[in-house]
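Each chain, written out:
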Amino acid sequence: MPWSTRPNRNVTRRNILAVGVTLTAGFLAACSANLGNGNAPRASLDPAQAPQTEPRPAGSRPTKIAMLLPLAGFGPSAAVAKSLKQAGEMALFERDNPNVRLLVKDDKGTPEGARAATEQAIRDGADIILGPLFARSVTAAAPLARQANIPILAYSNDTRVAGNGVYLMSFLPGPEVERIVSYAASRGKRRFAALMPADAYGDTVEPLFRAAVSRNGGTLVHIDRYAVGANAMLEPVKRVAEAIRSAELAGAPVDALFLPGGQNTLPQLAPLLAYNGIDPRRVQLLGTGAWDYPNVGREQTLAGAWYPSPDPRSWQDFSASFARTFGSAPPRLASLAYDAVNLAVSLSASPDSQRYTAAALTNPQGFNGVDGTVVFSANGLSERQLAVLEIQQYRNSVIDAASRAGSDPAAVAPVYGQAAPPLTGSVQLPAPAGY
């Protein structure tokens with residue numbers, strides 16, 4: 001499925017902020033019927049729609065695409081890295097371009113390993129680097145790549161590592177929060193409450209949510225945080241439920257409750273909402289792309305809840321193709337590697353000096369792939385076209401077609417105070433919590 005600059009295409013994930021990254025079983029979960037409906041083909045590019053670039057000049061050297069991944073070991077991160085590698089190889093095979101080589105390097109998931117892998121990629125003549133996955137590895141790789149004038153399309157979604165030659169291929173929380181809040185506001189939801197995890201992801205999402213509510217003319221009635229652990233959710237849920245009851249008695253009821261948890265928290269959180277009298281028929285539940293995991297509809301309390309996501313139909317087709325090729329369903333992040341390789345191969349058709357310039361990478365028309373259209377800004381952030389999905393028991397439905405969350409990715413970037421959230425967190429799929 002080639003990438004393109006297609007202006008008319010209408011087309012998550014939580015922040016992987018990793019120093020000590022714990023990967024949960026959800027990280028490896030396969031997609032399911034909950035990912036949406038329809039059988040539309042994977043997004044593809046007709047040759048007539050390809051970027052109009054000069055033919056490769058005679059004698060022009062082949063393009064070398066380096067991919068840095070934490071392949072070492074046998075743990076969950078290595079398993080996910082293997083799937084990212086396979087997805088990249090699948091894209092290269094489908095493009096069948098003899099002038100492009102993929103150089104896969106093991107960064108070992110450490111800053112030291114990332115530096116060594118970057119140095120090796122530079123020595124091997126890499127034109128562009130895809131990855132690393134973890135923020136700490138991107139931070140280590142970036143200065144070396146910058147000195148060699150090699151751009152990085154990183155899989156991390158820690159926005160603090162973006163810019164100055166580093167572009168984030170990943171799913172960013174800012175556009176997701178803006179998309180779901182703005183959609184809720186368009187449906188008459190004006191008074192919001194929120195219950196967020198007390199971790200790095202919550203630290204990132206809270207200022208985004210506060211800003212989105214204000215920007216869309218809403219009122220934040222109550223916000224609470226919960227520790228991620230056994231029984232730690234009980235008291236925070238009680239406080240939120242009491243705030244919702246008090247608001248209703250005062251004649252100014254809460255319209256929507258924002259729950260930016262994921263697969264490691266929602267199954268425990270949802271029953272507590274019902275137990276404490278929070279009625280999703282009266283208070284609209286809202287989430288982020290972290291909700292896009294298999295069988296989320298099994299939680300009856302979440303039925304009818306809304307969350308943002310790229311249109312799921314292309315992902316379904318990609319996942320089926322991956323499973324046929326490699327014998328198992330891919331982790332949700334695999335599409336990032338697939339799309340990144342397609343993007344790099346598309347741009348390789350340009351003359352050597354123009355292949356991966358900032359101007360080429362920040363084409364305002366964007367690039368189309370499995371996860372819709374992505375547009376990179378000069379500051380390295382990405383913006384994707386996001387749909388709004390409603391959770392149903394057997395499959396989730398698109399209730400609002402994909403559109404951009406805002407005109408400028410920087411407008412919905414995290415707003416940190418003097419001290420940024422610590423580079424820690426856990427990872428889960430399809431909505432990682434800190435990579």
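Source: prediction; values computed, not measured.

Undergrad: Explain unusual backbone geometry here, please?
TA: With glycine set apart, most residues show a phi of negative sign, and most peptide bonds adopt trans. Omega for the peptide link from Gly131 to Pro132 comes to -5°, which places this bond in the cis form. Structurally, Pro132 can be placed in the loop between strand E4 (128–130) and helix H3 (135–147). In this structure, Asp96 takes a positive phi of about 50° despite not being glycine. Residue Asp96 is classed as exposed on the basis of its relative accessible area of 62%. Despite not being glycine, Asn149 has its phi angle at roughly 60°, a positive value. Its location among the elements puts Asn149 in the loop between H3 and strand E5 (152–154). In this structure Asn149 comes out as exposed when scored by relative accessible area, which is 69%.

Undergrad: Can you help me understand the nonpolar core in this one?
TA: In summary, soluble globular proteins display a tendency toward joint burial of nonpolar side chains. Formed by 42 residues in total, the largest nonpolar core has its most connected members in Ile65, Leu130, Tyr155 and Phe318. Of all the secondary structure elements, the ones that give two or more residues to this core are strand E2 (63–69), helix H1 (76–95), strand E3 (100–106), E4, helix H8 (312–326), helix H9 (334–347), helix H10 (358–361) and strand E13 (372–376). Sequence-distant contacts of Leu130, that is, excluding residues within four places in its chain, are made with Ile65, Ala66, Met67, Leu68, Leu153, Tyr155, Ala340 and Val341. In this structure, Met233, Leu266, Ala270 and Ala402 belong to the second largest nonpolar core, which totals 30 residues.

Undergrad: Help me out: how do you make sense of the packing of helix H4 (residues 173–186) against helix H5 (residues 200–215) in this one?
TA: Two numbers describe a pair of packed helices, the interaxial angle and the distance between the axes. Running from amino to carboxyl end, H4 crosses H5 at an angle of 40°, the nearest separation of the two axes being 9 Å. As judged from the angle between their axes, H4 and H5 are oblique. Relative to H5, H4 is oriented so that their crossing is right-handed. Residues Pro173, Gly174, Val177, Glu178 and Val181 of H4 touch H5, and the partners they reach there are Tyr201, Thr204, Val205, Leu208, Phe209, Ala212, Val213 and Arg215. Here the residues of the contact of H4 with H5 are counted per class, giving nine nonpolar, two polar and two charged.

Undergrad: Would you mind showing me how to read H5 here?
TA: Relative to the 22 Å expected for 16 residues at 1.5 Å per residue, H5 spans 23 Å between its end C-alpha atoms, a close match to the ideal helical length. Along H5, the residues that are buried comprise Ala200, Tyr201, Gly202, Thr204, Val205, Glu206, Pro207, Leu208, Phe209, Ala212 and Val213. Contacts from the buried residues of H5 go to H4, strand E7 (191–197), strand E8 (219–226) and strand E9 (256–258). Between the side-chain oxygen of the N-cap and the backbone nitrogen of Tyr201 there are 3.1 Å, and the N-cap of H5 in question is Asp199. Immediately beyond the C-terminal end of H5, within one or two residues, lies Gly217, with a positive phi of roughly 75°.

Undergrad: Honestly, the packing of aromatic side chains in this entry has me stumped. Any pointers?
TA: Each aromatic ring pair is specified by the distance between its two centres and by the angle formed by the two planes. The final tally for this structure, using the stated rule, is ten aromatic pairs. A ring pair is formed by Phe192 and Phe209, whose centres lie 6.2 Å apart and whose planes are at 80°; its orientation type is edge-to-face. Placement of Phe192 in strand E7 and of Phe209 in helix H5 is noted, with a sequence separation of 17 residues between them. Its relative accessible area of 1% is what places Phe192 among the buried residues. Summarising the aromatic geometry, the rings of Phe318 and Phe322 are spaced 6.1 Å apart at their centres and angled 55° between planes, so their arrangement reads as tilted. Taken together, the residues Phe318 and Phe322, both in helix H8 and four residues apart, mark about one turn of the helix.

Undergrad: How should the environment of Ile122 be read in this particular structure?
TA: Mapped onto the elements, Ile122 comes out in helix H2 (residues 111–123). Taking the relative accessible area as the measure of exposure, Ile122 reaches 29% and is therefore partly exposed. With 22 residues separating them in the primary sequence, Ile122 and Leu144 have C-alpha atoms 8.5 Å apart. Residues contacting Ile122, with those up to four places away along its chain left out, are Leu144, Ala145, Ala148 and Ile150.

Undergrad: Please clarify how the pattern of salt bridges should be interpreted in this entry.
TA: Pairing of side chains with opposite charge becomes possible as their charged atoms draw close. Using the criterion set out here, one finds 19 salt bridges in the structure. Of the charged contacts in the structure, one is a salt bridge between Arg179 and Asp400, with a shortest N-O distance of 2.8 Å. Of this pair, Arg179 sits in helix H4 while Asp400 sits in strand E15 (residues 397–404); the two residues are 221 residues apart in sequence, bridging distant segments of the chain. Judged by its relative accessible area of 4%, Arg179 falls in the buried class. Judged by relative accessible area, Asp400 falls into the partly exposed class, the value being 27%. Here Glu206 ties to Arg225 by a salt bridge, and the two come within 2.7 Å at their closest N and O atoms. Highlighted residues: Glu206 in helix H5 and Arg225 in strand E8, separated in sequence by 19 residues. For Glu206, a relative accessible area of 16% corresponds to the buried category. One connected set of salt bridges, linked through shared partners, spans Asp203, Glu206, Arg210 and Arg225.

The rules behind these values
- Residues numbered from 1 in each chain as written.
- Predicted model: local features only at pLDDT ≥ 70, side-chain atom pairs only at ≥ 80, totals over all residues.
- Heavy atoms only, no water.
- Helix = DSSP H or I, 4+ residues; strand = E, 2+ residues; numbered from the N terminus.
- Buried < 20%, exposed > 50% of the residue type's maximum accessible area, 1.4 Å probe, protein only.
- Core = buried A, V, L, I, M, F, W, Y, C linked by side-chain atoms within 4.5 Å.
- Contact = heavy atoms within 4.5 Å.
- Axes fitted to C-alpha atoms, helices over the stretch in contact; angles between N-to-C directions.
- Parallel < 35°, antiparallel > 145°, perpendicular 65-115°, else oblique.
- Left-handed = near helix turned anticlockwise from the far one by under 90°.
- Nonpolar A, V, L, I, M, F, W, Y, C, P; charged D, E, K, R; others polar.
- Expected span 1.5 Å × (residues − 1).
- Polar contact = N/O pair within 3.5 Å; in protein donor to acceptor, adjacent residues only side chain to side chain.
- Phe/Tyr/Trp six-rings, centres within 6.5 Å; stacked < 30°, edge-to-face > 60°.
- Salt bridge = Lys/Arg side-chain N within 4 Å of Asp/Glu carboxyl O.

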